[in-house]
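The residues making up each chain are set out below.
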Amino acid sequence: GGCLQTFVIVGLTSGVFSVYLPYLINDYHFTNTQTSTLIALRASLAFAALFLMTGYLRLLDIRLGLAVAGLCSAASFFLYGFAADNYPVALVAACLAGMAYGFGGMVPVTIIIGRWFKDHNATALGFCAAGSGVAAIAGPIAITALTETFSVPAAFTVESGVITLIVAVIFLLVRNRPIDTPTEPDAPAPEVGGVPVAPAEGPGMSRRGFLLMLAGITMLGGFATTGNAHLAVLFRSEGFTAVEIALLLSAEGIAMTVGKGLFGVIADAVGTFRANFLYFLVAIAGYALCMVSARTHDTALAVTAVSLAGVGLSLATVGLAVWVTELSSAAEFERNVKRMQIAYVSGAVLVGVMPGFLADTLGSYIPAYIIFTGFAAATMVIVQTQYVIQGTHRGKNKH
C-alpha cells in the first residue's frame, strides 16, 4: 500500500507532472509564467499542509487520510482535462495536487510503516519509496504515448481514472494499525526532503551556521524541485520532440533511483563530506550540460546530462536527511528537522514562477538554469563549510 501511495502521490502527482508542461503551453495555450505558477501553487499548498498534518491525521487517521489525499490527486488530473484555455480551472487543479502531495506523501507512509513493522523498518520504507522511482521511469513514456496518440485531455482523464483505481486498491490493502496496538494518534515521524531521518549524532551548529544552512537548503529546494520540474519545457522550447523528452525524463528517473540507493553506500564508504562533493559536482555538471545539450540539440549529450542531474538530485532527499542527522545535536534535532523541511519546501515556492517569467521575458529557459546551477554551487559551499567547521569532513561517517 505504501509503495502504491508513493507511486501516485510522490511520483505521478509531483515528479512526473513535468511531462505535461510543454503540452499546457502548446495545446492549452498557457504562457510560460502561467505553467510555472501552477508548479509554485502546488508547492505552496504542500507547504501549508506541513502545518496541518497532525490535525489531518488525528481527524482521519492513516487509511482514510491516504484515500482522501489520493482522491484529491485524481480530481486534480480530472480537472486538468477540462482546463484547456481555462486557466482558473488549472489553478484549482494545482491546489488539489498540492493538497494531495502535502497530506498523502512520505509522512503518513512513514507512520504506517512504524505501526506495522517492529524490525526492518528501513527496508520497508525503501520499498515504499521505490514506488516514486517506478513512476519516474515509466510515467513519462506512458503519458507521452497517450497525449500523442489521443489528446492532452484524454491523457489527463485516463491518468485520473488510473489513480482512482489505485487509491481503491490502497484503501483495501491498508489498515490503520494492528489490532493489539494503542489507538492514540501518532505524531508525524521526523522527515526532511521526503526521507525519514535518524536521531541526531552531531555536535550542533552555531546560530550563524544554522541560518546559512537554511539559506542553502532553500536554494536546494529551488534548484532540485523547480529546476527538475521544468526540464521538459527546457528541452521542448529548444526543439526536442515529445518522444525524445519522454525518454530523457525516464532516463533521469532511472538515474535518480540509482543515485538515491548509492548515496548512503558511498557516504558510509568514504564519508558524507566526500560523497557531498561527488553528488554536488555531478548535479552542477548535469544542469550545465542540460543547457548545452538543449541548445545544440545533442540527444546523446542530453541523456548524459539528465542522468547526471538525476543522480545529483539525490542530495535533495537522502543527502538532506543525512545532513540534518550529522550536523545537528540531539537537543536541536527536532527543531532543525522542522525548519529544514520548511526551508526546502519554501525554496520551491519562492522560485516556482521564476523559470516561466524569465522564459516569457527573455525568450528562453536557459537563464533560469544558469541561476539553478549557481544555486547548486552555493549550496555545496554552505554545506561543506559546515562539515569543515564541525570537523566531520575527515574520514568515514561514525555510523
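A quick note: this is a predicted structure, and the numbers were derived from the prediction, not measured. (Residues numbered from 1 in each chain as written. Predicted model: local features only at pLDDT ≥ 70, side-chain atom pairs only at ≥ 80, totals over all residues. Heavy atoms only, no water.)

## Topic: the overall build of the protein
- Within the protein one finds 16 helices and two strands.
- Its C-alpha atoms give the protein a radius of gyration of 20 Å, within 12% of the compact-globule value 21 Å for 399 residues.
- For the protein, the C-alpha atoms occupy an extent of roughly 55 × 50 × 30 Å along the three principal directions.
- Buried positions account for 55% of the 399 residues belonging to the protein.
- Taking contacts inside the protein between residues at least 6 apart in sequence as the whole, the part at least 24 apart equals 83%.
- Surface accessibility of the protein: about 15,900 Å² in total, with carbon and sulfur atoms responsible for 70%. (Helix = DSSP H or I, 4+ residues; strand = E, 2+ residues; numbered from the N terminus. Rg over C-alpha atoms; globule rule 2.2 N^0.38 Å. Buried < 20%, exposed > 50% of the residue type's maximum accessible area, 1.4 Å probe, protein only. Contact = heavy atoms within 4.5 Å. Areas by Shrake-Rupley, 256 points an atom, 1.4 Å probe, with all protein chains shown as cover.)

## Digging into helix H16 (residues 366–389)
- With 24 residues, H16 extends 35 Å between its outermost C-alpha atoms, agreeing within 8% with the 34 Å of an ideal straight helix rising 1.5 Å per residue.
- Count one or two residues on from H16 and you reach Gly-391, which has phi positive near 75 degrees. (Expected span 1.5 Å × (residues − 1).)

## Things to note about the environment of Phe-333
- Take Phe-333: it is sitting in helix H14 (residues 333–350).
- Here the alpha-carbon distance between Phe-333 and Val-107, two residues 226 residues apart in the chain, equals 17 Å.

## Description of unusual backbone geometry
- You will see that Asp-85, though not glycine, has its phi angle at about 55 degrees, which is positive.
- Checked against the element boundaries, Asp-85 lands in the loop between helix H3 (32–80) and helix H4 (87–104).
- A positive phi angle, near 55 degrees, is found at His-297, a position not held by glycine.
- Inspection of the secondary structure puts His-297 in the loop between helix H11 (272–296) and helix H12 (299–312).

## Points about a nonpolar patch on the surface
- Together, Ile-254, Val-258, Leu-262 and Val-265 make up an exposed nonpolar region whose accessible area comes to about 340 Å².
- Along the chain, Ile-254 turns up in helix H10 (residues 242–270). (Patch = residues over 30% accessible without salt bridge, like charges linked within 9 Å, V, L, I, M, F, W, Y side chains within 5 Å. Salt bridge = Lys/Arg side-chain N within 4 Å of Asp/Glu carboxyl O.)

## Digging into the pattern of salt bridges
- Summed over the entire model, instances satisfying the criterion amount to four salt bridges.
- Note that Arg-177 is salt-bridged to Asp-61, the shortest N-O span being 3.9 Å. Of this pair, Arg-177 sits in the loop between helix H7 (152–173) and strand S1 (191–192) while Asp-61 is found in helix H3, placing the two residues 116 residues apart along the sequence. Accessibility assignment for this pair places Arg-177 and Asp-61 in one class, buried.
- A salt bridge links Glu-238 to Arg-295, with the shortest nitrogen-to-oxygen separation between them at 3.3 Å. Taken together, the positions of Glu-238 in the loop between helix H9 (231–237) and H10 and Arg-295 in helix H11 put the pair 57 residues apart, joining distant regions of the chain.
- Linked by salt bridges that have partners in common, Asp-61, Arg-115 and Arg-177 make up one network.

## Points about the confidence of the model for the protein
- When pLDDT is averaged along the protein, the result is 89, and 92% of the positions lie at 70 or above.
- Per-residue pLDDT, averaged within each element of the protein, yields its smallest value for strand S2 (residues 195–196) (54) and its largest for H7 (97). (pLDDT = per-residue confidence, 0-100.)

## Thoughts on the packing of H10 against H11
- Axis separation between H10 and H11 bottoms out at 7 Å; the angle between their running directions is 140 degrees. Taken together, the axes of H10 and H11 lie oblique to each other. Like other packed secondary-structure pairs, H10 and H11 cross with a definite hand, here right-handed. Mapping the contact onto sequence places Gly-259, Leu-262, Phe-263, Ile-266, Ala-267 and Val-270 in H10 and Thr-272, Arg-274, Ala-275, Asn-276, Leu-278 and Tyr-279 in H11.
- In the contact of H10 with H11, the residues fall into eight nonpolar, three polar and one charged. (Axes fitted to C-alpha atoms, helices over the stretch in contact; angles between N-to-C directions. Parallel < 35°, antiparallel > 145°, perpendicular 65-115°, else oblique. Left-handed = near helix turned anticlockwise from the far one by under 90°. Nonpolar A, V, L, I, M, F, W, Y, C, P; charged D, E, K, R; others polar.)

## Quick word on the environment of Val-16
- Checked against the element boundaries, Val-16 lands in the loop between helix H1 (2–14) and helix H2 (21–26).
- You can call Val-16 buried: its relative accessible area is 3%.
- Aside from chain neighbours lying at most four places away, what touches Val-16 is Gly-11, Ala-135, Ala-136, Gly-139, Pro-140 and Ile-143.

## As for the side chain of Glu-332
- Secondary-structure assignment places Glu-332 in the loop between helix H13 (318–327) and H14.
- For Glu-332, a relative accessible area of 12% corresponds to the buried category.
- Looking at Glu-332, its side chain comes within polar contact range of the main-chain nitrogen of Met-205, at 3.1 Å. (Polar contact = N/O pair within 3.5 Å; in protein donor to acceptor, adjacent residues only side chain to side chain.)

## Thoughts on the packing of aromatic side chains
- Considering all chains together, one arrives at 22 aromatic pairs under this definition.
- Geometrically, the ring pair formed by Tyr-28 and Phe-30 is edge-to-face, given 5.8 Å between the ring centres and 80 degrees between the ring planes. Grouping residues by exposure puts Tyr-28 and Phe-30 together as buried.
- Summarising the aromatic geometry, the rings of Phe-30 and Tyr-87 are spaced 5.1 Å apart at their centres and angled 80 degrees between planes, so their arrangement reads as edge-to-face. Of the two residues, Phe-30 sits in the loop between H2 and H3 while Tyr-87 sits in helix H4, which places them 57 residues apart along the sequence. Summarising the burial analysis for this pair, Phe-30 and Tyr-87 share the class buried.
- Through pairs of rings, three or more aromatic residues link up here, namely Phe-17, Tyr-20, Tyr-28, Phe-30, Phe-77, Tyr-80, Tyr-87 and Phe-156.
- For Arg-335, the ring lying beneath its charged end belongs to Phe-210, and the centroid distance is 4.9 Å. (Phe/Tyr/Trp six-rings, centres within 6.5 Å; stacked < 30°, edge-to-face > 60°. Lys NZ or Arg CZ within 6 Å of the ring centre and 35° of its normal.)

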